[in-house]
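Report on the structure
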Amino acid sequence: MLQHLLLHPPVWCPHLQAGMRGLRGLYVGLLNTFFYTAFALYFPPHVEQLPTITSQTSGHLIALPYDESFLFKCEAKGNPRPTYRWTKDGMDFDPHKDPRLKTKESSGSFVIPNGKDIVKYQGKYRCYASNKLGTAISEEKEFIVPMVPKFPKEKIEPVVVAEGDSVVLECIPPKGIPPLQLYWMTKDLRHIEQNERVSMALNGNLYFSNTLVTDSHDDYCCFASFARIRTIVQKPSMALRVRTINSSQAGDGIISVQERKPRFLVPSNHMTTYLKKGEELELECIAEGLPTPTIEWEKMKDSLPKRANVMKYGKLLTIPDVTEQDEGKYMCKAKNSLGEAVHHFHVVLEEPPSWREEPVKIQLAEIGSDIHIKCSATGKPQPTITWKRNGRLLDDFPSTNLKVLDDSIIIHRAELRDTAVYQCEASNKHGTLLANANVLVMNHPPLILTQNYLEYATMLGKSVIMDCKVFSSPTAALHWRREDPEGSVDGERFSLLKNGSLQIHRVEMEDMGQYKCLANNSEGTASITTELFIKDSTRIVEPPQDIKVRRGSMTELECLVECDPTLRRELEILWLKDGIDILSNYTEDSGYNIDVGILHIFNVSHSDEGNYTCIARTSLDQNTASAYVTVLDVPDPPIQLVLSDLKDRSVMLHWLASNDHNSPITEFIIQYEENYWEPGKWKELLRVASSQYSAPLMLHGHINYQFRVIAVNAMGRSRPSMSSERYKTPPCAPDRNPENIKIEGLLPHQMDISWEPLLPVEHNGPGLEYKLSYRLLGVEDSWKEQMVKRHSFVVSDTPTFVPYEIKIQAHNEHGWAPEPRLVTGYSGEDLPLAAPENVSVEVLNSTLLRVSWSPVPKAALRGHLGGYMVHWWQTQSLLTTKRIPSERQTLSIHGNRSHTMVPGLKPFSQYSLTVNVFNRKGDGPSSSHISFTTPQGVPEQPPILRATNFQKNSITLVWAPPHEANGFLTGYLLQYQTINETLGKLNSVNISTPETTQWVLLDLGEDNWYKFYLSACTEVGCGSAVSEEGGTVSEASMLNISTFISDTFVRISWRTKGEHSDSELYVVVMNDRDGICQVSDAVNTSKGFHLIEGLSPGTMYTVRLLASRRVDASSIFEEVFETKKVSSKQALPSQEWFVGMMCAMAILTLIVLIGCFVLRNIGGKYAVKEKEESPSDPESRAMSEETPCEYSDSDEKPLKISQQLFVGDFKEDDSSEDSSVISEDKDCEFNEDGSFIGEYSDYTRRVSKEVNGHRSVTA
């Protein structure tokens, strides 16, 4: 059924569409009885219904002492609503009248609370549910109130028997609620031992096949345990006394224990055993006799079933869950040496009643029809059938149209009065079955229960079922027809189901449209319309792919789905792992996350490996795709380490590989640990291929080994295996001698010898020491020997740096290592005795020198040659007569070389040079001094170049001479070119006077931007060039730039001329104390002044006017000034003075504004002086940026100029967004005529003097 719903699921929703066009249809007639018996009958709410018991108590109720209450349940349905009544032991019983019982309105159930007088409620109960149409009854249930079981109080006389006789100790347990468990113990709770001779029967009695003197006890006790009521009771103790029979001579005979053949104690006679099918068969045989009999079992004419069990020392035969094949005769046989006895059992299998054909629960019949109610039951013995109507015997209802025939009732020409609940009870000694059959006699017009205007949808090629369920009496005739478009429902693809539904197989596109179902009977007609839609199937266009992923990582599976557009909202994508829904069966901590068809798996573990299925599902169909996720991981540790072939210096290690976690093992690493030298530290011993599961291990002597194995695959190493058992090798002589012998002389007359000692595990035994042997190479024949335990030794009083032969041999208590190899070394070194000779130099150019010498003789080295060292220093520059302090420079040449190159010399200078040899001990004496001079070179780059005085067709360039001329300066090479949109021709100017530090370039193009290159020259040539940029300007210009300085502000004023005087400039002010710059926003030149506020009193500042926002651009104007200092009295003015000052400034501002207005109205221009003295413009903007004041090109401060400067249309340079850097170097400046002032002219910075608070510059 589930598969059918998944493959052919219908979709229904209300659909408002009417209209009926007649076409021939397919007629279906359904028999009334079959329709209402084969399918569950649904009654519309307005139709009256007989009562039906829906819930009742299951099984009998036992009032156990630990239960709080006991529920008798009885619930029913019907129309009208049923009422309830109860009977107890066949008598009326009203729970509502007993205040101790708990009841509920409109319910037949009641609750009996547990209490002291609960015994009065013991009995058999039955519920009756009635309405005006009839009465339904429940099964009869018994309420059992168990009594506390007790053994009777009695005094039991001792049982006295002769030795060898049989005896029975009776238990006779009290009755109680099963299960019952019996056992025999003594008073001190020791169990009575049971065996072939002594055993407890199923009835609880203790049987002795024969007695021994040791059986005599005074405290045989029988215990009965009732688990349901949690009670154990004990019978009074019994005494058993066995009299001893001593063999004695009496006349001609001997009196002794009498032996006898077997006789059955249980059972006492032949018997027939009855039991129900499915129960457990228990047959018991206990026999007495001497010697003790043995018991054998067999089934007559057959063999015992395989399920049979023989227990209790052969005395009990059990067969669980018996069937018909277990019926028959069984025999038990008791045997001893004197004979045997047999007993036969007849096993008969019986059954409680069961329905062969249960009455139909609900029948709807039309008036005048015949009604059959069949009630057929089976059982053993055969059940008897009892019929009731509305809970009363049929005999109480005389009727002429009702007949009872064996197991059936026939009602002829049913009438309305025949409506009732008929009960059938089938009973035998094992139980009773009850069935209620509701028979409703009525006529009703067709009522279609299926909703009208349902829409069905299915996929092309699938099947669809369109419902048309009808309630009617008599049975309505049904037929279907095609409405829109018109068509037939004939053919093999169309089927009418028994419940009236229409099924279409292998749906085609032409089947889409409207269908009508019509129902009619003698009472009326009804119809419904449905519509069928055909949808596109759901497809997985990108299914998940098999992947391999490492444990601990993250992975994802993708499932891309396409479906019919109308089903997109209901499309559901599910993920299953090994058939289990991930979303509903895994918690958030499981590491799964589903996101729009993508399954994310986080922190992958071994449990994530498996088959993952993507299910794309709509209400109509589904599609699936699967992929397998393989989890890769390091292997599990190898297992089962075993040692074999144990020898003095070797052992064979075996192991087994474990799970490789989907990544093949590539090798095994064998490690060892010993518990003497480094206990607990594991070291690698051997690596073997993955195909090997054993390896021979070479071992050292006198070591207590244990081993472990690590498996390796592409994912890494496994955890180590469990350790093997320990194996200790016997001691032996060392296998090898020390290596890496090192010979050196830390002092001239000694030799220090050291070596790499044997590893502790290589000692091979106790008492390891080393024999050191040495002699002069080629001089001595005999060896000098020393036994040492450490790994170093010092030989004293040796000649300086002479060769020795040395060997070192290991030894322990068990012998010597193999003969050692010879090693040659030297005794201690001393400083060289001689200096290099024949030192000569060759000057290659102004900065490079070649030096050569003759090697020092080997005898004078007195050690291993390290190399030679060249030392040189400048003594004088040839440009001056002044001597230069010596700064010695050194170059080391390793190895046996006799020449080298000395770079980095200064041109046009005089030098001195020496050479010495060195060994490991130190430096030898230096050679004699050699003097040489270097020729002239090209000068360094000039340190600064500035373009100033930008005119319409000329620019003034100002620079400083190079710091290092490297010769006699002959002049400068000046080159320039335009760099507007393209690079212009490169022009050159040779300046032959070395004293020149400024140059005016004439005949330049108006309003062009140039790049200038300046190089200093000597006779050898010109050096590297410094560059600068600048441009010519148009007619507009600035004249008479002046400053007015106060304590906290400065005012800069200017005058412009020309037609294009509407340009922009930027004002930069730098605090000379901390080097912080502030850059203003763009200032229009037509404004004529700019106010800088927020300055600190008594502080030095530098102000610059720039055509660009870049602070490293050339200055239009530059000035250094100091703000006024403020006295302490001025710094703390009174409030009255401050208010008066503000008023005076406001009046003064008003007067000046009026004067300016009058002068402009008479056509004149106010003087520059007046303009400069006018108050500051309230729209003047403060400095907008603060930045370190440095230059990016040459780290020099811009030239300060005070002359007529021309400006054109100044624009911000877009080539750099972070060029606001100004140098803190205050030593390089230009004076007002443009000449360079600085360290070259011993210039001291000039601080401008104030004249009446003004400073002016006039062109």
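The numbering scheme is per chain: residues are counted from 1 as the chain's sequence reads. Given that the model is predicted, a residue must reach a pLDDT of at least 70 before its local features are reported, and side-chain atom pairs must reach 80 or more before they are shown or counted; all residues, however, enter totals for whole chains, interfaces and linings. Heavy atoms throughout the structure, all of them, feed into the side-chain values; hydrogens and water do not.

Let us now look at unusual backbone geometry. Cis rather than trans, the peptide bond between Pro178 and Pro179 has omega equal to 5 degrees. Counting from the N terminus, the helices are the DSSP runs of H or I reaching at least four residues and the strands are the DSSP runs of E reaching at least two. Relative to the helices and strands, Pro179 resides in the loop between β14 (167-169) and β15 (180-185). In this chain, Ser473 is followed by Pro474 through a cis amide linkage whose omega measures 0 degrees. Checked against the element boundaries, Pro474 lands in the loop between β44 (470-473) and β45 (477-484). Despite not being glycine, Val596 has its phi angle at roughly 50 degrees, a positive value. If you trace the backbone, Val596 turns up in the loop between β56 (592-595) and β57 (598-601). Judged by its relative accessible area of 76%, Val596 falls in the exposed class. Under the scheme applied here, a residue whose accessible area is under 20% of the maximum for its type counts as buried, over 50% as exposed, and between as partly exposed, the area being computed with a 1.4 Å probe on protein chains only.

Right, let's talk about the sheet that holds strand β37 (residues 402-405) for a bit. Criterion used throughout: strands pair if DSSP finds at least two bridges between them. Taken together, the three strands give an open sheet; going across it, the order is β33-β38-β37, and neighbouring strands pair in antiparallel fashion. Each edge of the sheet is formed by a strand with only one pairing partner; in this case those strands are β33 (371-374) and β37. Pairs of neighbouring strands in the sheet enclose a mean axial angle of 15 degrees, with direction left out of account. Lines fitted to C-alpha atoms define the axes, with helix axes restricted to the stretch in contact, and inter-axis angles between N-to-C directions lie between 0 and 180 degrees.

Moving on, we get to the pattern of salt bridges. It is possible for side chains bearing opposite charge to pair when their charged atoms get close. A pair is scored as a salt bridge if a Lys or Arg side-chain nitrogen falls within 4 Å of a carboxyl oxygen belonging to Asp or Glu. All chains considered together, the criterion is met by 46 salt bridges. With its nearest N and O atoms 3.9 Å apart, the salt bridge here joins Glu785 to Lys771. Within this pair, whereas Glu785 is found in strand β71 (residues 784-788), its partner Lys771 is found in strand β70 (residues 769-776), the two being separated by 14 residues in sequence. A single salt-bridge network, built from bridges that share partners, covers Arg126, Lys388 and Glu425.

Here we take up the nonpolar core. Nonpolar side chains tend to gather and get buried jointly when the protein is soluble and globular. In this text, buried Ala, Val, Leu, Ile, Met, Phe, Trp, Tyr and Cys residues form a nonpolar core when linked through side-chain atoms within 4.5 Å. Residues Phe72, Trp86, Phe110, Ile112, Ile118, Tyr125 and Phe143 are the most contacted members of the largest nonpolar core, which totals 30 residues. Put simply, the parts of the chain that give this core at least two residues each are β2 (49-56), β4 (69-72), β5 (74-79), β9 (110-113) and β10 (123-131). Of the residues forming this core, the biggest block, three residues, is contributed by β10. The criterion used for residue contact is that any of the two residues' heavy atoms lie within 4.5 Å. When near neighbours in sequence (up to four residues on either side) are disregarded, Phe110 contacts Phe70, Leu71, Phe72, Trp86, Phe93, Pro95, Leu101, Lys102, Thr103 and Tyr125.

Moving on: the state of the cysteines. By definition, disulfides here are pairs of cysteine sulfur atoms that lie within 2.5 Å. A full pass over the atoms with the stated rule returns seven disulfides. What pairs with Cys285 in a disulfide is Cys332, and their sulfur atoms sit 1.8 Å apart. Of note, the bridge from Cys285 to Cys332 carries an S-S torsion of about -80 degrees and is left-handed in sense. One end of the pair, Cys285, is in the loop between β25 (281-284) and β26 (286-290); the other, Cys332, is in strand β30 (residues 328-336), with 47 residues separating them in the sequence. Assigned by exposure class, Cys285 and Cys332 land together as buried. Paired through a disulfide, Cys1017 and Cys1022 show a sulfur-sulfur distance of 1.9 Å. What sets the handedness of the Cys1017 and Cys1022 disulfide is the S-S torsion sign, and at about 95 degrees it is right-handed. Cys1017 gets classed as buried once you look at its relative accessible area, which sits at 8%. Using a relative accessible area of 38% as the deciding quantity, one classes Cys1022 as partly exposed. Free of any disulfide, Cys221 has its nearest cysteine sulfur in Cys222, 8.9 Å distant. Accessibility expressed as a relative area gives 0% for Cys221, which makes it buried.

Burial along strand β77 (residues 849-854) is one-sided: Leu849, Val851 and Trp853 are buried, and none of Arg850, Ser852 and Ser854, which face the opposite way, are. When strand β76 (residues 837-843) meets β77, the two strands line up antiparallel, connected through five bridges. Bridge pairing in β77 places Ser840 opposite Ser852. Hairpin remark: β76 followed by β77, antiparallel, with five residues in the connecting loop. In the sheet, β77 pairs with strand β80 (residues 899-902) via four bridges, with the strands oriented antiparallel. Considered in β80, the bridge of Ser852 is made with His899.

A few words now on the side chain of Asp215. Within the secondary structure, Asp215 is located in the loop between β17 (206-208) and β18 (217-226). In this structure Asp215 comes out as buried when scored by relative accessible area, which is 6%. Separated by 2.6 Å, the side chains of Asp215 and Arg197 make a polar contact. Other than its neighbours up to four places away in sequence, Asp215 contacts Arg197, Phe208, Asn210, Tyr220, Leu240 and Val242. Definition of a polar contact: a pair of N or O atoms within 3.5 Å, with one able to donate and the other able to accept a hydrogen when the atoms are protein atoms, and with sequence-neighbouring residues admitted only if both atoms are side-chain atoms.

Quick look at the confidence of the model for the chain now. Taken residue by residue, the chain gives an average pLDDT of 84. The fraction at 70 or more is 85%. In the model of the chain, helix α1 (residues 2-7) stands out as the element of lowest mean pLDDT, 32, in contrast to strand β65 (residues 704-713), which has the highest, 97. Across residues 1-39, confidence stays below pLDDT 50; counting only partners more than four residues off in sequence or on other chains, it has 105 contacts. Note on residues 248-253: pLDDT is under 50 here. Beyond four places in sequence and across chains, it has five contacts. Looking at any residue, its pLDDT shows the predictor's confidence there, from 0 to 100.

With respect to the element layout, His191 can be found in the loop between β15 and β16 (198-200). As for His191 and Cys221, which are separated by 30 residues in sequence, their C-alpha atoms are 9.6 Å apart. Non-local contacts of His191, meaning those with residues more than four positions away in its chain, are made with Tyr183, Trp184 and Met185.

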